[in-house]
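Residue-level listing of the chains:
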Amino acid sequence: MIDSRTAPYAALVLRLALGILFLAHAGLKIFVFTPAGTAGFFASLGLPGWFAYVTILWELAGAVALILGIWPRLAAITVIPILLGAIFTVHGAAGFFFNNPNGGWEFPAFWIVGLIVLALTGDGALALRPTFGRK
């Protein structure tokens, strides 16, 4: 049984946590690895270097949309490809557990599950712009 009184607040907490994770992940690429360094890493994986800049912007836009509640269900679905890309290009070869050298795919996969749960649960309380057709 779902408690309809508290479920919107549970979705809010999940939405904020997921958004903050994306904000931190983009921040890592901007402030620690630097955008140029991230582009170099992408190139070392055989991806176009410019794709790093697209990824950083995508992470930032997704983070802001999730945190502020701007079409959060849609935002949750649209950031999943970033994590799938991380699994298939970096973390998948490292095995399952995230504490393996180069990090496994455990954490990104769990992150994807959280995004799917949010998309299925709803926008959550205090969403500034609820997903289309929702009130």
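Everything below is about the structure printed above this text.
The structure presented is a predicted model; accordingly, all values stated were derived computationally and were not measured. (Residues numbered from 1 in each chain as written. Predicted model: local features only at pLDDT ≥ 70, side-chain atom pairs only at ≥ 80, totals over all residues. Heavy atoms only, no water.)

Section: the environment of Gly62
Inspection of the secondary structure assignment puts Gly62 in helix α3 (residues 50-68). The spatial distance from the C-alpha of Gly62 to the C-alpha of Leu45 is 24 Å, given a sequence separation of 17 residues. (Helix = DSSP H or I, 4+ residues; strand = E, 2+ residues; numbered from the N terminus.)

Brief notes about the packing of helix α5 (residues 80-91) against helix α6 (residues 106-121)
Where α5 meets α6, the axes come as close as 9 Å, and the angle between the chain directions of the two elements is 165 degrees. With respect to their mutual orientation, α5 and α6 come out roughly antiparallel. The way α5 lies across α6 gives a crossing that is left-handed. Across the interface between the two elements, Ile80, Leu83, Leu84, Ile87 and His91 from α5 touch Pro108, Ala109, Trp111, Ile112, Leu115 and Ile116 from α6. Class assignment of the residues belonging to the contact of α5 with α6 gives a composition of ten nonpolar, one polar and no charged. (Axes fitted to C-alpha atoms, helices over the stretch in contact; angles between N-to-C directions. Parallel < 35°, antiparallel > 145°, perpendicular 65-115°, else oblique. Left-handed = near helix turned anticlockwise from the far one by under 90°. Contact = heavy atoms within 4.5 Å. Nonpolar A, V, L, I, M, F, W, Y, C, P; charged D, E, K, R; others polar.)

A look at a nonpolar patch on the surface
The grouping of Val64, Leu68, Ile70, Trp71, Leu74, Leu128 and Phe132 at the surface amounts to a nonpolar patch, some 620 Å² of accessible area in total. Assignment of secondary structure puts Phe132 in the segment after α6. (Patch = residues over 30% accessible without salt bridge, like charges linked within 9 Å, V, L, I, M, F, W, Y side chains within 5 Å. Areas by Shrake-Rupley, 256 points an atom, 1.4 Å probe, with all protein chains shown as cover. Salt bridge = Lys/Arg side-chain N within 4 Å of Asp/Glu carboxyl O.)

Quick notes on the packing of aromatic side chains
A full pass over the atoms with the stated rule returns eight aromatic pairs. Considering the side-chain rings of Phe107 and Trp111, the 5.3 Å spacing of their centres and the 45 degrees angle between planes classify their relative orientation as tilted. With Phe107 and Trp111 both in helix α6, this residue pair falls four residues apart, about one helical turn. With relative accessibility at 4%, the residue Trp111 sits in the buried group. Among the aromatic residues, those joined into a ring-pair cluster are Phe22, Phe98, Phe107 and Trp111. (Phe/Tyr/Trp six-rings, centres within 6.5 Å; stacked < 30°, edge-to-face > 60°. Buried < 20%, exposed > 50% of the residue type's maximum accessible area, 1.4 Å probe, protein only.)

Focus: α6
End to end, α6 covers 22 Å across 16 residues, agreeing with the expected 22 Å (1.5 Å per residue, within 8%). Of the positions making up α6, those classed as buried are Pro108, Ala109, Trp111, Ile112, Gly114, Leu115, Leu118 and Ala119. Where the residues of α6 are buried, they touch α1 (7-32), α3, α4 (72-78) and α5. Remark: Gly122 follows α6 within two positions and exhibits a positive phi of approximately 135 degrees. (Expected span 1.5 Å × (residues − 1).)

Some remarks on the pattern of salt bridges
Applying the stated criterion to the full structure yields two salt bridges. The salt bridge involving Arg5 is made with Asp3; its shortest N-O contact spans 3.1 Å. On the basis of relative accessibility, which here comes to 32%, the residue Asp3 falls in the partly exposed class. The residue Glu59 makes a salt bridge to Lys29 at a minimum N-O spacing of 2.9 Å. With Glu59 in helix α3 and Lys29 in helix α1, this residue pair connects regions lying 30 residues apart in the sequence. Taking the relative accessible area as the measure of exposure, Glu59 reaches 0% and is therefore buried.

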